[in-house]
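This is what each chain is made of:
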Amino acid sequence: MFTIHRSRLWQIVHFRLSDKIRGRVDTDDVVQEIYLEAEQRLRHYVDGDFPSLFLWLRLIVGQTLSKIHRTHLKTESRSVLREANSGRSGLWGNTSLCLSQRFIAHITSPSQVAVKGELIDEVRQALDGMSEMDQEVLALRHFEELTNQEVAIELGIKPKAASIRYMRALERLRGVLEMIE
(Lines give C-alpha, C1' and ligand atoms only; values in the text may rest on other atoms or scores of the structure.)
Protein backbone atom coordinates (compact mmCIF):
# COMPACT_ATOMS: atom_id res chain seq x y z
CA MET A 1 0.00 0.00 0.00
CA PHE A 2 2.84 2.43 0.83
CA THR A 3 5.03 1.37 -2.09
CA ILE A 4 2.93 3.25 -4.65
CA HIS A 5 4.18 6.45 -2.99
CA ARG A 6 7.83 5.38 -2.68
CA SER A 7 9.26 7.58 -5.45
CA ARG A 8 7.48 10.69 -4.18
CA LEU A 9 8.50 10.01 -0.58
CA TRP A 10 12.10 9.42 -1.70
CA GLN A 11 12.02 12.74 -3.55
CA ILE A 12 10.81 14.58 -0.43
CA VAL A 13 13.46 12.98 1.78
CA HIS A 14 16.19 13.66 -0.77
CA PHE A 15 15.12 17.29 -1.04
CA ARG A 16 14.70 17.95 2.69
CA LEU A 17 17.61 15.93 4.10
CA SER A 18 20.26 18.35 5.31
CA ASP A 19 23.48 18.32 3.31
CA LYS A 20 25.28 18.38 6.67
CA ILE A 21 24.23 14.80 7.39
CA ARG A 22 23.79 13.43 3.88
CA GLY A 23 27.09 11.53 4.18
CA ARG A 24 25.89 9.82 7.35
CA VAL A 25 22.27 9.11 6.46
CA ASP A 26 21.10 7.39 3.29
CA THR A 27 17.84 8.52 1.69
CA ASP A 28 16.71 4.93 1.13
CA ASP A 29 17.27 4.13 4.82
CA VAL A 30 15.15 7.12 5.81
CA VAL A 31 12.33 5.98 3.51
CA GLN A 32 12.51 2.53 5.11
CA GLU A 33 12.27 4.13 8.56
CA ILE A 34 9.23 6.09 7.36
CA TYR A 35 7.57 2.86 6.25
CA LEU A 36 8.19 1.30 9.67
CA GLU A 37 6.77 4.38 11.42
CA ALA A 38 3.76 4.39 9.12
CA GLU A 39 3.06 0.73 9.75
CA GLN A 40 3.19 1.28 13.51
CA ARG A 41 0.91 4.30 13.26
CA LEU A 42 -1.49 3.07 10.60
CA ARG A 43 -4.37 3.19 13.10
CA HIS A 44 -3.89 7.00 13.24
CA TYR A 45 -4.54 7.21 9.52
CA VAL A 46 -7.53 4.87 9.63
CA ASP A 47 -9.09 6.67 12.60
CA GLY A 48 -8.05 10.16 11.48
CA ASP A 49 -9.45 12.64 9.03
CA PHE A 50 -6.58 12.90 6.56
CA PRO A 51 -7.24 14.15 3.02
CA SER A 52 -5.12 11.37 1.49
CA LEU A 53 -2.74 8.56 2.37
CA PHE A 54 0.10 10.41 0.68
CA LEU A 55 -0.36 13.59 2.74
CA TRP A 56 -0.47 11.47 5.91
CA LEU A 57 2.77 9.77 4.85
CA ARG A 58 4.27 13.19 4.13
CA LEU A 59 3.49 14.19 7.72
CA ILE A 60 5.42 11.12 8.90
CA VAL A 61 8.27 12.11 6.57
CA GLY A 62 8.47 15.52 8.27
CA GLN A 63 8.41 14.03 11.74
CA THR A 64 11.02 11.40 10.85
CA LEU A 65 13.33 13.93 9.24
CA SER A 66 12.95 16.20 12.24
CA LYS A 67 13.99 13.33 14.52
CA ILE A 68 16.95 12.43 12.30
CA HIS A 69 18.12 16.04 12.09
CA ARG A 70 17.84 16.41 15.88
CA THR A 71 19.83 13.23 16.38
CA HIS A 72 22.64 14.18 14.02
CA LEU A 73 22.71 17.95 14.34
CA LYS A 74 22.08 18.49 18.04
CA THR A 75 23.91 15.69 19.86
CA GLU A 76 27.03 16.70 21.74
CA SER A 77 29.30 13.85 20.73
CA ARG A 78 30.14 13.49 17.04
CA SER A 79 27.75 16.28 16.12
CA VAL A 80 28.01 17.41 12.52
CA LEU A 81 27.58 20.94 13.83
CA ARG A 82 31.22 20.65 14.83
CA GLU A 83 31.96 19.78 11.22
CA ALA A 84 29.86 22.52 9.59
CA ASN A 85 28.17 25.80 10.38
CA SER A 86 24.79 25.52 12.02
CA GLY A 87 21.63 26.69 10.26
CA ARG A 88 17.93 27.07 10.88
CA SER A 89 15.93 23.92 11.19
CA GLY A 90 12.31 23.14 11.81
CA LEU A 91 9.97 20.36 10.81
CA TRP A 92 10.98 20.84 7.17
CA GLY A 93 14.34 22.55 7.63
CA ASN A 94 15.37 25.70 5.86
CA THR A 95 13.38 25.78 2.61
CA SER A 96 15.44 28.59 1.12
CA LEU A 97 18.70 26.70 1.62
CA CYS A 98 17.22 23.42 0.34
CA LEU A 99 15.89 25.14 -2.76
CA SER A 100 19.08 27.04 -3.56
CA GLN A 101 21.24 23.92 -3.22
CA ARG A 102 18.93 21.76 -5.32
CA PHE A 103 18.42 24.33 -8.09
CA ILE A 104 22.13 24.27 -8.84
CA ALA A 105 22.86 20.63 -7.97
CA HIS A 106 23.35 19.78 -11.66
CA ILE A 107 26.54 21.86 -11.88
CA THR A 108 29.48 19.52 -12.40
CA SER A 109 32.11 21.03 -14.69
CA PRO A 110 35.31 22.26 -12.96
CA SER A 111 34.67 25.86 -13.91
CA GLN A 112 31.08 25.65 -12.72
CA VAL A 113 32.03 23.97 -9.45
CA ALA A 114 34.38 26.85 -8.72
CA VAL A 115 31.49 29.29 -8.67
CA LYS A 116 28.90 26.91 -7.22
CA GLY A 117 28.98 28.51 -3.76
CA GLU A 118 28.45 31.96 -5.27
CA LEU A 119 25.54 30.68 -7.33
CA ILE A 120 23.96 29.09 -4.26
CA ASP A 121 24.22 32.47 -2.53
CA GLU A 122 22.64 34.28 -5.50
CA VAL A 123 19.74 31.83 -5.70
CA ARG A 124 19.33 31.96 -1.93
CA GLN A 125 19.19 35.76 -1.97
CA ALA A 126 16.49 35.62 -4.63
CA LEU A 127 14.58 33.06 -2.57
CA ASP A 128 15.01 35.03 0.64
CA GLY A 129 13.31 37.93 -1.14
CA MET A 130 10.17 35.78 -1.37
CA SER A 131 7.72 35.13 1.40
CA GLU A 132 8.09 31.84 3.27
CA MET A 133 4.75 30.79 1.78
CA ASP A 134 6.03 31.33 -1.78
CA GLN A 135 9.23 29.44 -0.99
CA GLU A 136 7.23 26.56 0.39
CA VAL A 137 4.86 26.50 -2.60
CA LEU A 138 7.88 26.36 -4.89
CA ALA A 139 9.47 23.56 -2.86
CA LEU A 140 6.28 21.54 -2.65
CA ARG A 141 5.46 21.79 -6.35
CA HIS A 142 8.91 21.71 -7.92
CA PHE A 143 10.94 19.39 -5.70
CA GLU A 144 8.43 17.39 -3.70
CA GLU A 145 6.22 17.03 -6.78
CA LEU A 146 2.97 17.64 -4.92
CA THR A 147 -0.05 18.43 -7.03
CA ASN A 148 -1.55 21.90 -6.86
CA GLN A 149 -4.45 20.47 -4.84
CA GLU A 150 -2.05 18.81 -2.35
CA VAL A 151 -0.10 22.05 -1.96
CA ALA A 152 -3.32 23.91 -1.23
CA ILE A 153 -4.31 21.36 1.41
CA GLU A 154 -0.85 21.36 3.01
CA LEU A 155 -0.69 25.14 3.24
CA GLY A 156 -4.35 25.76 3.97
CA ILE A 157 -4.92 27.96 0.92
CA LYS A 158 -7.16 27.72 -2.12
CA PRO A 159 -5.87 25.79 -5.15
CA LYS A 160 -6.01 28.92 -7.33
CA ALA A 161 -3.89 30.82 -4.79
CA ALA A 162 -1.37 27.96 -4.73
CA SER A 163 -1.15 28.04 -8.51
CA ILE A 164 -0.70 31.81 -8.66
CA ARG A 165 1.97 31.73 -5.94
CA TYR A 166 3.85 28.98 -7.77
CA MET A 167 3.86 30.86 -11.08
CA ARG A 168 4.97 34.11 -9.41
CA ALA A 169 7.77 32.34 -7.52
CA LEU A 170 9.03 30.74 -10.73
CA GLU A 171 8.95 34.09 -12.49
CA ARG A 172 11.01 35.71 -9.71
CA LEU A 173 13.65 33.00 -10.02
CA ARG A 174 13.78 32.91 -13.79
CA GLY A 175 16.41 35.64 -14.10
CA VAL A 176 18.78 34.08 -11.57
CA LEU A 177 18.36 30.59 -12.97
CA GLU A 178 18.93 31.74 -16.55
CA MET A 179 22.34 33.06 -15.48
CA ILE A 180 23.21 29.60 -14.12
CA GLU A 181 22.40 27.76 -17.33
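Small disclaimer: the values here were computed from a predicted structure and weren't measured.

Caption draft 1: Structural context of the packing of aromatic side chains. Applying the stated rule across the entire model yields six aromatic pairs. With centroids separated by 6.0 Å and ring planes inclined at 20 degrees, the aromatic side chains of F2 and Y35 adopt a geometry described as stacked. Residue F2 is found in the segment before α1 (6–16), and its partner Y35 is found in helix α2 (residues 27–40); the two are separated by 33 residues along the sequence. The rings of F2, Y35, Y45, F50 and W56 are connected pair by pair, giving a single aromatic cluster. The ring of F54 has R8 lying over it, and the distance from NZ or CZ to the ring centre is 3.7 Å. In this structure, R141 is placed above the aromatic ring of Y166, and the distance from its NZ or CZ to the ring centre is 4.3 Å.

Caption draft 2: Focus on the packing of helix α4 (residues 53–74) against helix α9 (residues 148–155). Running from N to C, α4 and α9 cross one another at 55 degrees; their axes reach a closest spacing of 11 Å. Judged by the inter-axis angle, α4 sits oblique to α9. In this structure, α4 crosses over α9, and the sense of that crossing is right-handed. For the pair α4 and α9, contact is made by F54, L55 and R58 and by E150, I153 and E154, respectively.

The rules we used
- Residues numbered from 1 in each chain as written.
- Predicted model: local features only at pLDDT ≥ 70, side-chain atom pairs only at ≥ 80, totals over all residues.
- Heavy atoms only, no water.
- Phe/Tyr/Trp six-rings, centres within 6.5 Å; stacked < 30°, edge-to-face > 60°.
- Helix = DSSP H or I, 4+ residues; strand = E, 2+ residues; numbered from the N terminus.
- Lys NZ or Arg CZ within 6 Å of the ring centre and 35° of its normal.
- Axes fitted to C-alpha atoms, helices over the stretch in contact; angles between N-to-C directions.
- Parallel < 35°, antiparallel > 145°, perpendicular 65-115°, else oblique.
- Left-handed = near helix turned anticlockwise from the far one by under 90°.
- Contact = heavy atoms within 4.5 Å.

Note that all results are geometric; they support no functional claim without further evidence.
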